[in-house]
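Chain and residue survey
The chain contents come next:
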Amino acid sequence: MDKYQPQDIEQAWYETWETNNYFAPSGNGTPFSIAIPPPNVTGTLHMGHAFQHSLVDSLIRFHRMKGDNTLWQMGTDHAGIATQMIVTEQLAAEGKRPTDLGREKFLERVWEWKETSGGTITSQLRRLGASLHWETERFTLDEGLSRAVLEVFVRLYEDGLIYRGKRLVNWDPVLKTSLSDLEVESEEEPGHLWHLRYPLADTPDQYLIVATTRPETMLGDTAVAVHPDDERYTGLVGKEVILPLTDRRIPVIADPYVDREFGTGCVKITPAHDFNDYDMGQRHELALINILNDDATINDNAPQKYRGLDRFEARKAVVADLERLGLLEKTEDHKLPVPRGERSGVVIEPYLSDQWFVKIKPLAEPAIKAVEDGDIEFVPRNYENTYFVWMRNIQDWNISRQQWWGHRIPAWYDADGNVYVARSEQEARAQHDLSDDVVLSQDDDVLDTWFSSALWTFSTLGWPEQTPELETFHSTDVMVTGHDIITFWVSRMIMMTLKFIGEVPFKKIYVTGMVTDAEGQKQSKSRGNGLDPLDIIDGISLDDLIAKRTDNLMQPRMAERIAKNTRKEFPDGIKAFGTDALRFTFYAIATRSRTIRFDMNRVEGYRNFCNKLWNAANYVFLNTADKPFSQNDEAADVVDRWIVAELHRTIAAVNQAMETYRFDLAAKALYEFIWDEFCDWYVELTKPILNSPDVPADLIEAKRYTLLSVLEQILRLAHPFIPFMTEEIWQQIPAQVRSQGKTIMLQAYPESDAARIDEQAISDVAWIKDVVTGSRNIRGEMDISLAKPIPVIFSNGSDEDQRRLEEYRSLLTFLIRPSDIGWLEPDAPKPPASTHLIGEMELLVPLAGLIDKDAEIARLDKEIERKEKEQQRTEGKVGNKNFVEKAPPEVVAKERDKLTEIRSALAKLRQQRADVVELE
RNA sequence: GGGUGUUUAGCUCAGUUGGGAGAGCGACGGCCUUACAAGCCGUAGGUCGCAGGUUCGACCCCUGCAACACCCA
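**Thoughts on the overall build of chain A**
Within chain A, the secondary structure is distributed over 31 helices and 28 strands. Scaling as 2.2 N^0.38, a compact globule of 920 residues should have a C-alpha radius of gyration of about 29 Å, whereas chain A reaches 37 Å, well beyond that. Considered along the principal axes of its C-alpha atoms, chain A spans approximately 120 × 65 × 60 Å. Partitioning the intrachain contacts of chain A with sequence separation of at least 6 by distance along the chain shows that 78% fall at a separation of at least 24. Total accessible area on chain A is roughly 41,500 Å²; 47% of this is exposed by carbon and sulfur atoms. Of note, chain A has its 107 positive side-chain charges centred 3 Å away from the centre of its 150 negative side-chain charges.

**Focus on the pattern of salt bridges**
Per the stated rule, a full pass over the model turns up 60 salt bridges. A salt bridge links Glu868 to Arg910, with the shortest nitrogen-to-oxygen separation between them at 2.7 Å. You can see Glu868 sitting in helix H29 (residues 853–878) and its partner Arg910 sitting in helix H31 (residues 889–918), a full 42 residues away along the chain. Residue Arg910 is classed as partly exposed on the basis of its relative accessible area of 41%. One salt-bridge network, in which partners are shared between bridges, spans Arg214, Glu216, Arg311, Arg315 and Glu349.

**Notes on the packing of helix H24 (residues 697–718) against helix H25 (residues 723–730)**
Relative to each other, H24 and H25 sit at 150°, their axes nearing to 9 Å. The orientation of H24 with respect to H25, classified from their angle, is roughly antiparallel. Of the two elements, H24 crosses H25, and the hand of that crossing is left-handed. In this structure, H24 uses Leu711, Glu712, Leu715, Arg716 and Ala718 to contact H25, whose residues at the interface are Thr726, Ile729 and Trp730.

**Brief notes about the layout of surface pockets**
Here the second largest pocket is characterised by a volume of approximately 1,200 Å³. Along the wall of the second largest pocket there are 38 residues; nearest its centre are Thr213, Arg214, Asp274, Leu336 and Pro337. Mapped onto the lining of the second largest pocket, the elements with two or more residues apiece are strand S6 (184–199), strand S7 (207–212), strand S11 (266–269), helix H8 (275–284), helix H9 (311–324) and strand S12 (328–341). Looking at the lining of the second largest pocket, the element that brings in the most residues is S6, giving eight residues.

**Considering H29**
Taking 1.5 Å as the rise per residue, H29 with 26 residues should run 38 Å; its terminal C-alpha atoms sit 36 Å apart, in good agreement. Within the span of H29, buried status applies to Glu856, Ile857, Arg859, Leu860, Ile864, Gln871, Thr874 and Val878. Elements in contact with the buried residues of H29: helix H27 (759–782), strand S27 (834–838), helix H30 (881–886) and H31.

**Brief notes about empty space enclosed by the protein**
It is a probe the size of a water molecule, rolled over the atoms, that shows where empty space is left. Applying the stated rule across the entire model yields four cavities of 30 Å³ or more. Its volume calculated, the largest cavity comes out at about 60 Å³. For the largest cavity, the full set of lining residues is Lys830, Pro831, Pro832, Ala833, Thr835, Leu844, Gln912, Asp915 and Val916. Counting residues per element, the lining of the largest cavity draws most heavily on H31, which supplies three residues. Residues of the lining of the largest cavity, tallied by class, amount to five nonpolar, two polar and two charged. Residue composition of the lining of the second largest cavity, by class: five nonpolar, three polar and three charged.

**Quick notes on the protein's contact with RNA strand B**
Surrounding RNA strand B, one finds 47 residues, the nearest of these being Thr591, Asn611, Trp675, Lys886 and Pro888. The share of sugar and phosphate among atoms of RNA strand B within 4 Å of the protein is 59%. With respect to RNA strand B, the side chain of Lys3 contributes an N or O atom lying 3.4 Å from a base nitrogen. A distance of 3.2 Å separates a base nitrogen of RNA strand B from a polar backbone atom of Ala616. For the surface near RNA strand B, the elements supplying multiple residues, two or more each, are helix H21 (600–624), helix H23 (663–690), H27, H29 and H30. Split by residue class, the surface near RNA strand B holds 14 nonpolar, 13 polar and 20 charged.

**A short note on the sheet that holds strand S19 (residues 441–442)**
The strands that make up a sheet are held in pairs by hydrogen bonds between backbone atoms, and each pair lies either parallel or antiparallel. Spatially, the three strands line up as an open sheet ordered S18-S17-S19, and their pairing is antiparallel. Bordering the open sheet on either side are strand S18 (419–421) and S19, each of which pairs with just one other strand. Taken together, the two bridges between strand S17 (residues 411–413) and S19 define a ladder with antiparallel strand orientation. Note that in S19 the partner of Trp412 across the bridge is Gln442.

**A closer look at the packing of aromatic side chains**
By the definition in use, this model includes 32 aromatic pairs. Considering the side-chain rings of Phe584 and Tyr606, the 5.3 Å spacing of their centres and the 55° angle between planes classify their relative orientation as tilted. Of this pair, Phe584 sits in helix H20 (residues 579–589) while Tyr606 sits in helix H21; the two residues are 22 residues apart in sequence, bridging distant segments of the chain. The same class applies to Phe584 as to Tyr606, namely buried. One cation-aromatic arrangement involves Arg126 over Trp134; the distance from NZ or CZ to the ring centre is 3.8 Å. Note that Arg817 overlies the ring of Phe814, its terminal NZ or CZ placed 5.2 Å from the centroid.

**Brief notes about the sheet that holds S27**
If you walk across this open sheet you meet the four strands as S26-S25-S28-S27, and the pairing is mixed. Only two strands of the sheet have a single partner each, and these edge strands are strand S26 (818–823) and S27. Pairwise comparison of adjacent strand axes, ignoring direction, gives a mean angle of 20° for this sheet. Relative to S27, H27 is tilted by about 155°, and along the sheet it contacts strand S25 (790–795), S27 and strand S28 (841–845). Each of S27 and S28 is contacted by H31, which is oriented at about 175° to S27, the strand it contacts most.

**Some words on the pairing of S7**
Of all six residues in S7, five are buried, a share of seventy percent or more. Where S6 and S7 come together, six bridges link them in antiparallel fashion. Residue pairing for S7: Pro199 is matched across the bridge by Tyr207.

**Comments concerning the nonpolar core**
Of all hydrophobic cores here, the largest spans 198 residues; its most connected members are Phe451, Phe598, Phe678 and Leu812. With 15 residues, the single largest contributor to this core is H23. Filtering out sequence-adjacent residues up to four positions away, Phe678 remains in contact with Ala616, Val620, Ile643, Phe673, Val683, Leu707, Val710 and Ile714. Judged by nonpolar contacts, the second largest core, of 34 residues, contains Val169, Leu208, Val224 and Ala302.

**Side note on the side chain of Arg583**
For Arg583, the position within the fold is in helix H20. Classification of Arg583 by relative accessible area gives buried; the value is 0%. In this structure the side chain of Arg583 is engaged in a polar contact, spanning 2.8 Å, whose partner is the side chain of Asp57. Excluding residues that lie within four positions of it along the chain, Arg583 makes contacts with Ser54, Asp57, Ser58, Arg61, Leu128, Gly129, Ala130, Pro720, Phe721 and Pro723.

Conventions and cut-offs
- Residues numbered from 1 in each chain as written.
- Chains lettered and ligands numbered in written order.
- Predicted model: local features only at pLDDT ≥ 70, side-chain atom pairs only at ≥ 80, totals over all residues.
- Heavy atoms only, no water.
- Helix = DSSP H or I, 4+ residues; strand = E, 2+ residues; numbered from the N terminus.
- Rg over C-alpha atoms; globule rule 2.2 N^0.38 Å.
- Contact = heavy atoms within 4.5 Å.
- Areas by Shrake-Rupley, 256 points an atom, 1.4 Å probe, with all protein chains shown as cover.
- Lys, Arg positive; Asp, Glu negative; His and termini not counted.
- Charge placed at Lys NZ, Arg CZ, Asp CG, Glu CD.
- Salt bridge = Lys/Arg side-chain N within 4 Å of Asp/Glu carboxyl O.
- Buried < 20%, exposed > 50% of the residue type's maximum accessible area, 1.4 Å probe, protein only.
- Axes fitted to C-alpha atoms, helices over the stretch in contact; angles between N-to-C directions.
- Parallel < 35°, antiparallel > 145°, perpendicular 65-115°, else oblique.
- Left-handed = near helix turned anticlockwise from the far one by under 90°.
- 1 Å grid on protein atoms, 1.4 Å probe; cavity = no way out; pocket = protein on both sides within 12 Å on 5 of 7 lines; lining within 4 Å.
- Points joined across faces, edges and corners; volume = space filled by probe spheres on them.
- Expected span 1.5 Å × (residues − 1).
- Nonpolar A, V, L, I, M, F, W, Y, C, P; charged D, E, K, R; others polar.
- Near = heavy atom within 4 Å.
- Polar contact = N/O pair within 3.5 Å; in protein donor to acceptor, adjacent residues only side chain to side chain.
- Pairing = 2+ DSSP bridges.
- Phe/Tyr/Trp six-rings, centres within 6.5 Å; stacked < 30°, edge-to-face > 60°.
- Lys NZ or Arg CZ within 6 Å of the ring centre and 35° of its normal.
- Core = buried A, V, L, I, M, F, W, Y, C linked by side-chain atoms within 4.5 Å.

What follows is the structure, given as C-alpha cells:
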C-alpha cells in the first residue's frame with residue numbers, strides 16, 4: 001500500500017457510490033429517514049453545516065448498514081431575502097435597481113443566479129461524503145413544493161388561521177419589507193435619553209417632563225402616560241398637554257404599564273411607532289398617527305418643515321427646535337437595545353402596514369403537547385425549555401414579505417378591495433362566481449421563506465399527494481439542527497406537520513452545539529474568523545486564506561486586523577487533512593456542550609489516527625498477502641481471543657453510543673480500540689508469532705485470519721465515521737473474509753456477541769501488558785535503550801504467574817528484549833536491582849554496574865510516598881466506624897482488600913529501597 | 001431585568017445511578033525496535049471557580065456568590 005494520501009482516494013469513491021445508486025433507500029427493513037435541513041440554494045458550506053451533516057451521515061450510514069430502509073432526503077431552500085439581496089447587489093454593481101427590471105425580469109435574473117451558483121453547496125456536500133439521496137432532490141420553489149405551500153395557505157385561510165390586517169410590524173426601510181420578530185436582532189448600543197417638556201394645556205407655564213430615546217417620534221404622539229398609582233401625577237390624569245412643534249392637544253392617561261422609575265415616570269405615547277405604545281393605544285383607544293414613509297423619511301402627517309427628512313435628520317431637527325423653544329430639559333447618555341435587520345443590518349422601524357398573519361395559538365397548543373407527551377424528544381433534553389418558553393409566549397406570525405423572490409401570496413383583490421384567497425385566479429373566480437369583467441389583481445407580496453420550510457418533512461415526500469414515500473418515510477426519525485433555529489424552523493415544522501399530516505415531523509431532535517473559532521467567537525464573514533470545511537480537507541496557503549477572509553468585506557477597514565489574526569492563528573496556512581480526518585474530528589467534539597471551539601490540532605490528531613489505521617492495514621496485508629490463512633478457533637491463541645473480546649466490547653460501546661447520539665463516545669471507543677489495543681498491542685504481539693519458524697502452522701494461519709477478520713470488522717464499525725478510507729481498505733480484504741459485496745456501505749454493521757468476550761483471555765493479556773509495561777518503566781527510568789538486553793528476574797509469583805510466564809515467555813521475550821528471563825531461586829538472595837511490582841509478584845532487573853542508585857532511590861521514594869498517602873486515606877476510611885456501619889458491605893470489603901494490597905506493596909517497596917541503599 | 005448553560009492539567013475537553021481524578025495536544029527525557037517519525041517508549045503537571053450545606057463518603061446532590069457565554073424582554 002502507498003502512503004496515506006486522502007486526496008487520492010476520497011473523490012473517486014464518492015463517484016462510485018453515487019453512480020451505483022448506493023444512497024437510495026432499499027430493502028424491506030424498518031424505514032429510517034432524515035430530512036436535510038435545506039441549505040440556501042446559492043449558499044456555501046460553513047463549519048456548522050459540515051458538522052451537522054457529518055453527524056447525520058454517520059446516522060444514515062449506520063442505519064443503512066443495519067439493514068434499515070434508509071432515506072436521507074436532499075433539498076435546498078430559496079432563502080427569499082438573502083438571495084434577493086445578493087441579486088440586488090449584483091444589479092447595483094451594474095447601476096440598476098430591481099424596479100428598473102420589473103418583477104418578471106428580476107425573477108428571471110434570480111433564477112439565472114440560482115442555476116449558476118446552485119451547484120456549489122451540493123458539490124461541497126459530496127466532498128463531505130454525505131450519502132444523500134440525490135435522485136429525489138427538491139427545491140422549495142419547485143412545482144411540487146409550491147403546490148404544497150399553496151394548499152397549506154388556502155386551507156389555513158379557510159380555517160380562519162390566516163388573516164390580513166393593518167398591524168405594527170418590524171419594517172426594514174432599506175429592503176422595504178416587513179420582517180418577523182426572529183429576523184430582527186437587538187443589541188445594546190450607546191444612545192441618549194432626552195427629557196422633553198410638554199406644557200399643560202390649561203396652564204402653559206407648567207409642564208410635564210417626558211423622557212425618550214427617540215425624540216423624533218414625538219411628532220406622532222397621541223398621549224402622555226403615567227402610572228395610575230403615581231402620586232406625583234394623579235391630579236393630571238384626564239387633563240391635556242400641548243404637543244410641542246405641532247398644534248395638537250393630547251391627553252394624559254394612566255396605565256400600569258408605565259415604569260415609575262424610568263426617567264420622570266412620565267412617558268410619551270406613540271402608538272404608530274412603538275410596540276408597547278401600540279398596545280397601550282389599543283387599550284385606551286388612542287389615534288394612530290403614522291409619521292413615516294416606507295423608507296423611514298418623515299411623511300405628510302408631520303408638520304411641513306420636517307417632511308421628507310430622514311428619521312435621524314428629523315431627530316436632530318426636533319431636538320434643536322425643542323431646545324430653541326426652551327422645551328429640552330436635559331440630555332443624558334443612555335444605552336439602549338437597537339433592533340437591526342438580520343440581513344441588511346439597518347435599524348428596524350416599528351411600522352404600520354397591511355400584512356398577512358398566521359393565527360398561531362391554535363397551532364401551538366398541539367405542538368406543545370407533542371413535546372410534553374414525549375412524541376417528540378429533544379436531545380439533550382434541556383432544550384425543551386427553550387422550546388416551551390417560546391411556544392407558550394408565541395405571537396402571531398407575520399408571513400408576508402414585500403419581496404419578489406418567493407411564493408407569491410395566493411390572494412386576489414377586486415377594484416373594491418375585496419380579497420379572494422384560492423389556489424388560482426380561476427378557482428377564486430369560480431368560488432365567488434365572479435364574471436370575467438371583474439378585474440382581479442394578485443397580492444404583490446411573497447411568503448416568509450420559513451413558511452415553505454415549515455412544510456419540509458412532508459412536502460419533500462410528495463404531499464399533498466398521498467405518495468408511497470410519504471407513507472413509508474414520514475414521520476422522519478430525527479432532525480439534527482443547531483439551537484439557533486429551534487424557534488425559526490423546528491417549532492414551525494412541528495405545528496404545520498401536526499396540522500396537515502396529523503403526526504409529528506420527526507421523533508427526535510438532536511440539537512448540536514455551535515461551532516466557534518478557537519477563541520470561542522462565533523464564526524462569521526464580518527469577523528473574518530470563518531473556516532471553509534473544504535480548506536481543511538484540501539488545505540490552503542496562508543495568503544489564499546487571508547485573501548478569502550478579507551475579500552468583499554462589508555467593513556473593509558477590518559481587513560488588516562483579520563489578516564493579522566489569521567497570520568497568528570495559521571502561520572503556515574492549513575494542511576490538507578482529508579475528509580475522513582475532518583469528519584472524525586466532528587464526531588469527537590460532538591459532546592453535550594453548547595459551544596464547541598474548533599481546534600485545528602485535533603484535526604491533525606485525527607488525521608494521524610487515520611494514518612495509523614491505514615498503516616495497520618498495510619501491516620495486515622504485508623503479512624497475509626499470498627499466504628494461507630484460515631478461521632480456526634481451536635488453533636487461535638489467547639492473544640487472538642483477547643483482541644476479539646476487546647473488539648466485541650468496542651462494538652457494543654459504539655452501537656450504544658450511536659443509539660443515544662453520543663457521537664463523541666463512539667469516536668472515543670473506536671480511537672482507543674484501534675490505536676491502543678489493536679495497533680499498540682495486538683499487532684505487536686503477532687510479530688513474534690508470524691515470523692517465528694518454531695510456531696505451528698495452524699496457529700500462524702489462525703492468526704493471519706484473526707488479523708484480517710478483526711481489521712475487516714474494524715472497517716465496518718468505523719465506516720459511518722470515516723467512509724472513504726474504510727472503503728478503500730475494505731476492497732483489499734480477501735473476499736473469503738469480507739463477503740462478496742461490492743461496497744462496504746451496504747455490508748452488515750457489526751453486532752456485539754457476549755460469548756466472544758473471553759474474560760480469561762482479557763486477564764491474561766492484562767498480565768502480559770503489566771509485565772511489559774513494568775520492564776519498559778525500568779528501561780525508561782534508567783535510560784536503557786531497547787537495543788541493550790537486560791536480565792529480568794521474577795520473584796514471589798503465584799502458580800498463576802508461573803503458568804503465565806511459561807505460556808507467554810516467547811511473547812515477553814520479544815517485547816522486553818531480555819538477555820535472560822526467569823525465576824529467582826527459592827532461597828537465593830535478591831540481587832541489587834531496579835524493581836517493579838505486578839500485584840504480589842516482583843519484577844527485578846539486576847543491573848549491578850549500570851544502575852543509577854540515586855535515581856532509583858528517588859523513584860522508589862516517590863512511589864512510597866504515593867502509596868503512603870493512599871494507605872493513610874484508606875486506613876482512615878476503614879477505621880471510621882460510621883463508614884463501616886453505613887457504607888454498603890461490598891464497598892467496605894473492597895476498601896479492606898485495597899488496604900491489604902497497599903500494605904504489602906509498601907513493605908516490598910521499602911525493602912527494595914533498603915536494598916538499593918545497600919549498594920556500594 | 002428574566003432564563004439557560006459553562007467553570008476539571010499550560011491549551012481543548014471527557015468524567016451516565018455519590019465510593020480509586022482521565023484523554024488528546026503541548027512540555028520534558030529516551031528511541032530510525034523491518035506497518036506507521038503523521039511513529040514508538042517513558043516522565044512531569046490538577047485544594048475539579050469560591051464559600052457553605054447534606055452524607056460514613058461530594059468533581060458529581062442542595063444553597064449562596066463570582067466570572068464568562070448564549071437566549072428572551
